[in-house]
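For reference, the chains in residue letters:
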Amino acid sequence: MSSIILLCRPGFEKECAAEIASVAAQESLTGFPRTRENSGHVEFALDPSVDASLVVQNFDFRSLIFARQGFVSFVKVDNLPESDRIAPLIAAMSMLPEWDSYEPRISHLLIEAPDNTETEGLTAFLSSFAKPFERHLKDKMHIPAEKGSLRMHIFFLNYAEAHIGFSNVNLSSSRACGIPRLKFPKEAPSRSTLKLEEAFLVLLAAHERAQFLKSGSTAVDLGAAPGGWTWQLVKRSFLVTAIDNANMDTNLMNSGLVEHLRHDGFSYTPKKPVDWMVCDMVEQPIRIARLTAEWICESRCKHAIVNLKLPMKKRFDEVQRCLSVIRAASPDKDLIIRCKQLYHDRDEVTCFVSLEN
Ligand code: SAM
């Protein structure tokens, strides 16, 4: 039986399951979610009446909020022996009814595992498994093909069990487990800087980054101190107005590109519209959503990236409530809204909102 596999932040399996159940219902995909707390993934078992190949072709895993990565599993291989895990995996692939049509279309391969404490040791194993496995696929099966639209996922649950699955290369993450490997820049004033860097990478397409992150752009950073997000903007030669009562990092201020105003982020409005508003204030998410809606509705900015800190309970419902507030800000304008729980987000999600496409 095939299933949709989603990789999420451990502890957020319930939210991830609620989301896939809701999206599946909208898309008439009959099935049911299976979750295990803190496992870092969710399995949505598809009813045998669902055409799994159509799901591979059309399902947009990137649009899910609580899943970093996703694919359709066609088979789970159990009892992989320590002595040779490659042969049983190859045998299981070759036995899939879809294999003959899929094999020439596999242009990308990802070897993945859930992000949980039980599988910590697996990461080292994955890289030692990857090399000989990739060599076998290349030499004996001509995978990856130069052209093709399929990504093959080998997803290890532990050393002895792995799912074999597929996704459309344009509709899933190109990064293993949907996690960008970012290095903390020593000069950045806070670790939060990685959240904005990841948001630019995951929530914007390459052409949007080139178009929307041009040097000389203007931005307002609400709740900016000590300056990790402002640092990302300054790195791209933006002119930034940083709003916060707390102190900003001195080196960042020495860049000459930052104006620091000790002002309340909820009442500050720029004299002239700016290209970007970013916001990382620790506040109720609905207040941040209303503030974002206000900025967009009054065209104070073209684009926004805002972080929503989630409550302890009903987190999926709360995110939906916030998104509908933002959506309602501009019913007659084309608004892009993308929202994701990023790898560097904890009990938070990050939204990109834009009036341009
Ligand atoms: N993004 C920052 C970085 O990368 O360094 C970290 C921001 S920190 C999580 C939240 C900040 O929001 C704090 O510095 C706090 O002073 C500020 N803040 C909270 N409420 C605010 C408000 N109403 N107006 C302005 N700043 C606020």
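Look up a bit, the structure's there.
Residues numbered from 1 in each chain as written. Predicted model: local features only at pLDDT ≥ 70, side-chain atom pairs only at ≥ 80, totals over all residues. Heavy atoms only, no water.

Asker: So what's going on with helix 1 (residues 13-26)? Residues and values would help.
Answerer: Here helix 1 spans 20 Å end to end across 14 residues, near enough to the 20 Å set by a 1.5 Å rise per residue. Every buried residue belonging to helix 1 is among Glu13, Glu15, Cys16, Ala17, Glu19, Ile20, Val23 and Ala24, and all of these are buried. Where helix 1 is buried, its residues meet strand 1 (3-7), strand 2 (31-35), strand 3 (41-46) and helix 11 (315-327). Looking one or two residues past helix 1, serine 28 carries a phi angle of roughly 55 degrees, positive in sign. (Helix = DSSP H or I, 4+ residues; strand = E, 2+ residues; numbered from the N terminus. Expected span 1.5 Å × (residues − 1). Buried < 20%, exposed > 50% of the residue type's maximum accessible area, 1.4 Å probe, protein only. Contact = heavy atoms within 4.5 Å.)

Asker: Could you give an account of the pattern of salt bridges, naming the residues involved and the relevant values?
Answerer: In the structure shown here, the tally under the stated rule is 17 salt bridges. For glutamate 348, the salt bridge is made with lysine 195, and the minimal N-O distance between the two is 3.1 Å. On the criterion of sequence distance, the pair formed by glutamate 348 in strand 14 (residues 348-354) and lysine 195 in helix 6 (residues 193-203) is long-range, its members being 153 residues apart. This pair shows no difference in class: glutamate 348 is buried, exactly as lysine 195 is. Taking the shortest distance from any N to any O, the salt bridge between lysine 302 and aspartate 275 comes out at 3.1 Å. (Salt bridge = Lys/Arg side-chain N within 4 Å of Asp/Glu carboxyl O.)

Asker: For the packing of aromatic side chains, give the residues involved together with the corresponding values.
Answerer: For any pair of aromatic rings, the description consists of the separation of the ring centres together with the inter-plane angle of the planes. Applying the stated criterion to the full structure yields 13 aromatic pairs. Taken together, the ring pairs connect Phe125, Phe129, Phe133, Phe156 and Tyr159 into an aromatic cluster. (Phe/Tyr/Trp six-rings, centres within 6.5 Å; stacked < 30°, edge-to-face > 60°.)

Asker: Lay out the nonpolar core with the relevant residues and their values.
Answerer: By size, the foremost hydrophobic cluster in this structure holds 84 residues, and its most contacted members are Leu89, Phe133, Met152, Ile154, Phe156, Phe166 and Leu222. In terms of residue count, the dominant contributor to this core is helix 5 (residues 122-141) (eight residues). Counting the residues that make up this core, at least three belong to each of domain 1 (3-178) and domain 2 (193-355). Formed by 26 residues, the second largest nonpolar core is a distinct cluster that contains Ala188, Phe212, Val240 and Val258. (Core = buried A, V, L, I, M, F, W, Y, C linked by side-chain atoms within 4.5 Å. Domains from an automatic or database assignment.)

Asker: Lay out the site of the ligand in plain terms, naming residues and giving numbers.
Answerer: Of all residues adjacent to the ligand, which total 17 residues, the nearest are Ser190, Gly228, Asp244, Asp264 and Gly265. Proline 226 is positioned with one of its backbone polar atoms (N or O) 3.5 Å from an oxygen atom of the ligand. One nitrogen or oxygen atom from the main chain of glycine 227 is found 3.1 Å from an oxygen atom belonging to the ligand. In isolation the ligand has 600 Å² of accessible area, and contact with the protein removes 78% of it. Across the shell around the ligand, the residue classes break down as seven nonpolar, seven polar and three charged. (Near = heavy atom within 4 Å. Polar contact = N/O pair within 3.5 Å; in protein donor to acceptor, adjacent residues only side chain to side chain. Areas by Shrake-Rupley, 256 points an atom, 1.4 Å probe, with all protein chains shown as cover. Nonpolar A, V, L, I, M, F, W, Y, C, P; charged D, E, K, R; others polar.)

Asker: So what about the sheet that holds strand 9 (residues 239-243)? Which residues, and what values?
Answerer: The sheet built from seven strands is open, its strands ordered 10-9-8-11-12-14-13 with mixed pairing. On the outer flanks of this sheet lie strand 10 (258-261) and strand 13 (336-340), each paired with one strand and no other. When strand polarity is set aside, the average angle formed by the axes of neighbouring strands in this sheet is 15 degrees. As paired elements, strand 9 and strand 10 share four bridges and run parallel to each other. Directly across from valine 240, in strand 10, lies its bridge partner valine 258. (Pairing = 2+ DSSP bridges. Axes fitted to C-alpha atoms, helices over the stretch in contact; angles between N-to-C directions.)

Asker: Outline the sheet that holds strand 1, listing residues and values.
Answerer: What the seven strands build is an open sheet, ordered 2-3-1-4-7-6-5; its pairing is mixed. Each edge of the open sheet carries a strand with a single partner, namely strand 2 and strand 5 (106-112). Neighbour-to-neighbour, the strand axes of this sheet turn through a mean angle of 30 degrees, independent of strand direction. Note: strand 4 (residues 69-77) against strand 7 (residues 162-168), five bridges, orientation antiparallel. Across the sheet, serine 73 pairs through a bridge with glycine 165, a residue of strand 7. Taken strand by strand, helix 1 contacts strand 1, strand 2 and strand 3, and its axis lies near 30 degrees from that of strand 3.

Asker: Please provide a residue-by-residue account of helix 6, values included.
Answerer: Of all eleven residues that make up helix 6, nine are buried, and the element is covered over most of its length. Every buried residue of helix 6 is accounted for by Thr193, Leu194, Lys195, Leu196, Glu197, Glu198, Ala199, Phe200 and Leu203. Buried residues in helix 6 make contact with helix 7 (206-212), helix 8 (228-235), strand 11 (274-279), strand 12 (301-309), strand 13 and strand 14.

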